[in-house]
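The primary structure of each chain is shown beneath.
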Amino acid sequence: MLRTTPRHIGAALATAFVAITAPVNAAGTLTPVGSPDRPIEIRAHHLSVVINNGFARTEVNQTFFNPNDKPLEAIYSFPVPRSASLSEIVIASGENEMHGEVVRRDEAKRIYEEQKASGEEAGVADKNSYQTFEFSVSRVLPNAETQVRFVYYQPLEIDTGVGRYVYPLQHGGTDEHAANFWTRNERVESQFTVDVDLQTAVPIEEIRAPGLENVAIITRIDEGRQTLHFDTNSATLDHDFVLYYRLPSNLPGGVEVIPYRADPTKPGTFMVVVTPGIDLQPLSAGADWCFVLDVSGSMEGKIQTLVHGVSKALGDMHPEDRFRVVTFNDSAREVLPWQSATPQNVQAALEKVGALKAKGSTNLYDGVKLALGSLDADRATSVMLVTDGVANTGVVQPKAFKELLAKQDVRLFGFLIGNSSNWPLMRVICNASGGFFTAVSNEDDIIGQIMLAKSKVAFECLHDASLKISGVKTLDCTDEFLGKIYRGQQLVMFGKYATAGKATLTLSARLTGEDRTYSTTFDFPEIDTEHPEIERLAALNRIEAIEVKEWEGEINSSEAKSGIEALGIEYQLVTDHTSMIVLSDEAHQRFGVERRNRDRVATEHHAQSVRAALPVRSRRIDEAQPMFQGNAPSVTRGGGAIDPFSGATIIVVTVLGLLRVRRRVSAS
């Protein structure tokens, strides 16, 4: 048988990155443990990515082979990329080709089971919460191949002049029950390839794929376009593919707007990307740091590597800084009280942490609660949580975490590793504190990630920030906290506009105690059909907002399900309440399935073919009336203070930082 939004790498805490060598599961075909059948093989796995204008299109082509003498059901599982809209699936067996349409989850299951019971071919794609996508194919013929192709879109952001794309393959290993039931075949028997077409409206200074430096072929088409190709005769799908690209250091701050409106009688959709060009000065005052370390049983074999991460963080402190260490498993305890970050105290702390043993369950709530105690209101404080698991003991309800954080004026920054980590819970915690979180792959460069983070915490930031659109009525805009904007952060807003016309985008904030306003005007177009994919990304952004409200207790599960189902079907997205049923044209007609996705995919393919034949188009809208007077912050290459293109490939744990301050974002 065959798995936002200010999201940036920033906060003091990111220095607690550590290498983990424990084995984890990967994407692959699934077979029940003890099955007498030989597992479905992955003959070939081809990844094709196009990155352009703030989002990526990922297409995966796989060839499966059934080595048995009887037909089998094939199940393929891979980690859910965060904020990814799974939008297209095609299954080909022999001369038969089937296409996917999104329907209610119960309807998809009913149709699939009917087809399977009658010996007919069918496929279905389901989303297993925040953890995995699973593709099932009802009938893979014996000693024969079946091709599966799927496509998803996801927004990408630039952090301090560095872009980053991740293709997730490595499971986080948090679902023990599933791991005990399934045997996973992650090996590609014949060929594994990666092709990336990176396009920008500005020059690309450098491109890097950690771990593939000596085998990837990188071709420079022109100054704003490069391609990467990697090819091997065999591989295992147990490592994420990570790509970095760096833009020039002298780029001005600015605003890009990517609209889509095909019908002037209906609202248009847009994505706004703001790259602040603001001179933020370095800070020099001392700060307090509270390390909260997960020592539960899932950390077995990782404690010593955790020490290396803590060592890196403590080693970057100044004597005027203070630190504290808290650990948690079944309960939380203070291991080291507040003390100055002198070399002697740091060394003693490392020895203490090095003696910790992993055991017990994960009481995340107690760890956070203890971390919020004993804070000095007169000092800037960061609380750093380091964990590789999810809450499974004590208080686990998201609403309880929100209420806990509401009692403190704190700010939380999240760094999430493990493609199966509980990021929805972390999202609730971050939102409750006015913070944000960022996913970090096991294959990220540790030096680059640390340097990007330090560039944020070491510089002043904008306070009480809000982002608004006026002049044109907007609908369903991104509703996330801003409040505090750090050096190098890029802001992304999705929404709809009711009519064409001139609009004003305004960023309001406080800098060094003074009110600052940055604004520009632009035109929402009557017609613009260049990027139809924006509709899916904006719809998924709204779905995530509904999920947040459900987790925080603002709406009940019935309301959430109804809203998510409606958006999933209208925009053809696989969600927790919708699935993609894959059938032949005849079967779609027989079951009365409306062909919404067929029409949407045709529109997207046409737009993509038109774009491919044209030079990359800049979507900046403030060149005539710049929103910012300065350049956007960027990294320096070679010998500079920040160099994200150096360092070793590592594996990282979840890191969260809580700072004292709130921020807010609004759109009208």
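First things first, this report covers the structure right here in the doc. Residue positions within a chain follow its written sequence, with the count starting from 1. Local features are withheld for residues below a pLDDT of 70 in this predicted model, meaning they are given only at 70 or higher, and side-chain atom pairs are given and counted only at 80 or more; totals for whole chains, interfaces and linings count all residues. Side-chain measures were taken over the full set of non-hydrogen atoms in the model, leaving aside hydrogen atoms and water.

## Some points on the environment of Asn 68
Where we set the bar: Helix and strand labels come from DSSP, where a helix needs a run of H or I of at least four residues and a strand needs a run of E of at least two; each type is numbered from the N terminus. To sort residues, take the accessible area from a 1.4 Å probe on protein chains only and compare it with the maximum for the residue type: under 20% means buried, over 50% means exposed, and anything in between is partly exposed. Contacts described as polar in this section are N or O atom pairs within 3.5 Å, which, within protein, must combine one atom able to donate a hydrogen with one able to accept it, while residues neighboring in sequence count only if both atoms come from side chains.
Along the chain, the position of Asn 68 falls in the loop between β3 (55–66) and β4 (72–79). Asn 68 sits in the buried class, given a relative accessible area of 9%. Distance in space between the C-alpha atoms of Asn 68 and Arg 38 is 6.4 Å, their sequence separation being 30 residues. Looking at Asn 68, its side chain comes within polar contact range of the main-chain oxygen of Arg 38, at 2.8 Å.

## A look at the nonpolar core
Threshold: In these notes, a set of buried Ala, Val, Leu, Ile, Met, Phe, Trp, Tyr and Cys residues joined through side-chain atoms within 4.5 Å is what counts as a nonpolar core. Contact between two residues is taken to exist if any of their heavy atoms lie within 4.5 Å; hydrogens are not considered.
Of all hydrophobic cores here, the largest spans 54 residues; its most connected members are Ile 51, Tyr 165 and Phe 241. The residues contacting Phe 241, other than those within four sequence positions of it, are Leu 47, Tyr 165, Val 166, Tyr 167, Val 194, Val 196, Ala 209, Leu 212 and Leu 228. Core analysis: the next-biggest nonpolar cluster, separate from the first, contains 27 residues, Leu 280, Ile 469, Tyr 497 and Leu 511 among them.

## A short note on the environment of Thr 193
Assignment of secondary structure puts Thr 193 in strand β13 (residues 187–199). Of the residues examined, Thr 193 reaches a relative accessible area of 6% and is grouped as buried. Along the backbone, Thr 193 and His 45 are 148 residues apart, and their C-alpha atoms lie at a distance of 6.5 Å. Apart from the residues lying within four places of it in its own chain, the contact partners of Thr 193 are His 45, His 46, Leu 47, His 229, Phe 230 and Asp 231. A polar contact is formed between the side chain of Thr 193 and the side chain of His 46, at a distance of 2.6 Å.

## Comments concerning helix α12 (residues 596–612)
Helical geometry note: an α-helix holds 3.6 residues per turn, so side chains three or four residues apart project in the same direction. Put simply, the test is: For a helix, the expected span equals 1.5 Å multiplied by the number of residues minus one. Each direction from the helix axis to a C-beta atom contributes to the arc, which is the arc of those directions.
For α12, built from 17 residues, the straight-helix expectation of 24 Å at 1.5 Å per residue is met to within 8% by its first-to-last C-alpha distance of 25 Å. Within α12 the residues assigned to the buried category are Asn 597, Arg 600, Val 601, Glu 604, Ala 607, Gln 608 and Arg 611. Relative to the axis of α12, the buried residues are bounded by an arc of 130 degrees and lie together on one face.

## Things to note about the pairing of strand β27 (residues 462–470)
Our working rule: Being paired, for any two strands, means DSSP has found at least two bridges between them.
Here β27 runs beside strand β29 (residues 483–485); their pairing, made up of 2 bridges, is antiparallel. Bridge pairing in β29 places Leu 462 opposite Ile 485.

## Describing the pattern of salt bridges
Here is the rule we go by: Salt bridge, as used here: a side-chain nitrogen of Lys or Arg that lies within 4 Å of a carboxyl oxygen of Asp or Glu.
For the structure shown, the criterion picks out 37 salt bridges. Notably, a salt bridge pairs Arg 261 with Glu 526, separated by 3.9 Å at the nearest N-O pair. In this pair, Arg 261 sits in the loop between β19 (254–260) and β20 (268–275) while Glu 526 sits in the loop between β32 (514–524) and α9 (534–551), placing the two residues 265 residues apart along the sequence. As a salt-bridge pair, Arg 619 and Glu 530 come within 2.9 Å of each other at their nearest N and O atoms.

## Overview of the sheet that holds strand β28 (residues 474–475)
Threshold: Under this scheme, a helix contributes an axis fitted over its contacting stretch, all axes are lines through C-alpha atoms, and angles between N-to-C directions fall in the 0 to 180 degree range.
Pairing within the open sheet is antiparallel, and its 4 strands lie in the order β19-β20-β30-β28. Of all the strands in the sheet, just β19 and β28 have a single pairing partner and so form its edges. Pairing geometry for β20 and strand β30 (residues 491–497), over 7 bridges, is antiparallel. Within the sheet, the bridge partner assigned to Gly 268 lies in β30 and is Tyr 497. Sheet strands touched by α9: β19, β20 and β30. Its angle to β20, the strand with the most contacts, is close to 80 degrees.

## Things to note about the side chain of Asn 363
The residue Asn 363 is located in the loop between α4 (343–354) and α5 (364–371) in this model. Judged by relative accessible area, Asn 363 falls into the buried class, the value being 5%. The contacts of Asn 363, once residues within four sequence positions are left out, are Phe 328, Asn 329, Asp 330, Ser 331, Thr 393 and Gly 394.

## Some points on α5
Residues of α5 that are buried include every one of Leu 364, Tyr 365, Gly 367, Val 368 and Ala 371, and no others. On an axial view of α5, the arc spanned by its buried residues comes to 165 degrees, and they lie on one face. In this structure, the buried side of α5 is in contact with β21 (288–294), β22 (322–328), β23 (332–340), β24 (381–387), α6 (398–406) and α7 (423–432).

## Topic: the packing of α7 against α9
To keep it simple, the criterion reads: Small angles under 35 degrees read as roughly parallel and large ones over 145 as roughly antiparallel, with 65 to 115 read as roughly perpendicular and the rest as oblique. Three classes are used: nonpolar for Ala, Val, Leu, Ile, Met, Phe, Trp, Tyr, Cys and Pro, charged for Asp, Glu, Lys and Arg, and polar for all others, with Gly counted as polar.
Their axes nearest at 10 Å, the elements α7 and α9 cross at an angle of 75 degrees. One element, α7, and the other, α9, form an angle in the roughly perpendicular class. Facing α7, whose interface residues are Trp 423, Pro 424, Leu 425, Arg 427, Val 428 and Asn 431, α9 presents Glu 544, Glu 547, Val 548 and Trp 551. Residue classes in the contact of α7 with α9 are distributed as 6 nonpolar, 1 polar and 3 charged.

## Notes on the sheet that holds β29
The strand order across the open sheet built from 4 strands is β29-β27-β31-β32, with neighbouring strands paired in antiparallel fashion. At either margin of the open sheet sits one strand with a lone partner, and together these are β29 and β32. Direction aside, the axes of adjacent strands within the sheet are offset by 35 degrees on average. Note: β27 against strand β31 (residues 501–511), 6 bridges, orientation antiparallel. Following the sheet pairing, Ile 469 is matched in β31 by Leu 505.

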